[in-house]
Amino acid sequence: MQAPEVILSSSTLGHGHDAFAERQPRKLTVTVPVMPRFLRKSISKANGFLLIVLAILGGIALSTWTISDPSLTFANGSSPENWLGFWGASFADFTMQFLGFGSVALLIPPLIWGLHKISFRPLGHLLTRIGFWIAGLVALTSALAAIPIPQGWPLQVGLGGVIGDAVLGVPRAFTGSYPDGLFAILLFVAFATPALWLMLRACNLHKGIVPAPTRKDPGEDTQIMEQELAGADAH
């Protein structure tokens with residue numbers, strides 16, 4: 001691997017009789033060694049498979065969730081029916097309580113990120129994706145909370161969990177009752193529409209599926225940073 005290389009050049013335009021000589025900006029060229037391509041690809045694939053496995057495990061935990069399973073928030077001394085045991089039941093119980101059916105959307109972005117990574121498709125900035133992910137979950141749970149609770153729903157909160165009920169508690173504070181009828185339909189549309197876009201944005205799919213790179217870029221293994229430094233006045 002090539003060592004860092006710094007090239008600094010400067011020239012002076014003024015001469016001896018000039019009290020304030022003008023100087024050209026100094027140009028700093030830094031060659032920064034980066035991780036070999038094959039190693040970066042291996043790490044990207046490993047991260048991608050890890051995200052996919054975690055998303056699948058989360059799906060198994062949610063699909064085998066039952067309200068009677070013991071968890072961190074509900075101890076009843078019985079054996080969990082969840083396929084992933086106590087910790088799977090705890091994960092499912094926590095997410096169902098807070099997100100309701102929005103728990104399914106909790107797993108979609110990590111799954112898509114994993115597929116992007118194993119196919120070496122570009123992803124946006126991590127913090128940006130997480131921000132859209134959280135915003136999408138809040139919007140989705142709010143939309144689900146506007147749906148009337150069906151008979152047999154085992155939780156004391158709505159279909160959007162605690163978060164959805166909390167968001168719809170804002171209009172309830174003004175109307176005096178929980179949204180229903182036409183007002184609930186309007187709220188569902190108002191929250192579901194941005195929720196769809198936010199989740200697509202979190203998955204980096206808002207502009208469609210980004211094609212995988214077909215060839216190696218010429219400068220992929222070497223990153224060159226050039227910074228223009230303004231020259232200082234002579235003292």
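Residues numbered from 1 in each chain as written. Predicted model: local features only at pLDDT ≥ 70, side-chain atom pairs only at ≥ 80, totals over all residues. Heavy atoms only, no water.

1. Focus: a nonpolar patch on the surface
On the surface, a nonpolar cluster with roughly 630 Å² of combined accessible area is contributed by Ile147, Leu182, Phe183, Ile185, Leu186, Phe188 and Val189. Within the secondary structure, Phe188 sits in helix α6 (residues 181–202). We classify Phe188 as partly exposed; its relative accessible area is 33%. (Patch = residues over 30% accessible without salt bridge, like charges linked within 9 Å, V, L, I, M, F, W, Y side chains within 5 Å. Areas by Shrake-Rupley, 256 points an atom, 1.4 Å probe, with all protein chains shown as cover. Salt bridge = Lys/Arg side-chain N within 4 Å of Asp/Glu carboxyl O. Helix = DSSP H or I, 4+ residues; strand = E, 2+ residues; numbered from the N terminus. Buried < 20%, exposed > 50% of the residue type's maximum accessible area, 1.4 Å probe, protein only.)

2. Notes on the side chain of Ser44
Mapping Ser44 onto the fold places it in helix α1 (residues 37–63). The contacts of Ser44, once residues within four sequence positions are left out, are Lys117 and Phe120. (Contact = heavy atoms within 4.5 Å.)

3. Some thoughts on the confidence of the model for the protein chain
In low-pLDDT regions, the fine details of the predicted coordinates are not to be read closely. Model confidence for the protein chain is summarised by a mean pLDDT of 82, while 77% of its residues fall at 70 or above. Across the protein chain, helix α4 (residues 126–145) holds the top mean pLDDT of 97, while strand β3 (residues 222–229) sits lowest at 40. Predicted confidence for residues 6–17 stays below pLDDT 50, and this span has 20 contacts to residues more than four positions away or in other chains. Contacts of residues 218–235 to residues separated by more than four positions or lying in other chains number 37 contacts, the stretch itself having pLDDT below 50. (pLDDT = per-residue confidence, 0-100.)

4. Examining helix α5 (residues 161–175)
Between its terminal C-alpha atoms α5 stretches 21 Å, which fits the 21 Å expected from 15 residues at 1.5 Å a residue. A maximum bend of about 35° is found in α5 at Gly169, where proline Pro171 lies one to four positions downstream. The inward-facing, buried residues of α5 abut α2 (85–99), α4 and α6. Backbone geometry just after α5 places Gly176 at a positive phi near 85°. (Expected span 1.5 Å × (residues − 1). Bend = angle between axes of the 7 residues up to and from the residue.)

5. Overview of the nonpolar core
In terms of nonpolar packing, the biggest core is built from 10 residues, these being Leu62, Trp65, Ala92, Met96, Leu107, Leu144, Trp153, Leu155, Val157 and Leu159. Setting aside anything within four residues of it in sequence, one finds Leu144 in contact with Phe101, Gly102, Leu159 and Gly160. Counting eight residues, the second-largest nonpolar core is a separate cluster that includes Ala105, Trp113, Trp133 and Ala202. (Core = buried A, V, L, I, M, F, W, Y, C linked by side-chain atoms within 4.5 Å.)

6. Quick notes on the packing of α1 against α2
With their axes 8 Å apart at the nearest point, α1 and α2 run at an angle of 80° to one another. With respect to α2, the element α1 is oriented roughly perpendicular. Between α1 and α2, the residues in contact are Gly58, Ala61 and Leu62 and Gly88, Phe91, Ala92, Thr95 and Met96, respectively. Here the residues of the contact of α1 with α2 are counted per class, giving five nonpolar, three polar and no charged. (Axes fitted to C-alpha atoms, helices over the stretch in contact; angles between N-to-C directions. Parallel < 35°, antiparallel > 145°, perpendicular 65-115°, else oblique. Nonpolar A, V, L, I, M, F, W, Y, C, P; charged D, E, K, R; others polar.)

7. Some thoughts on unusual backbone geometry
A positive phi is found at Phe120, a non-glycine position, where the angle reads about 60°. Tracing the backbone shows Phe120 in the loop between α3 (103–118) and α4. A residue is classified by how much of its surface remains accessible, and Phe120, at 28% relative accessible area, is partly exposed.

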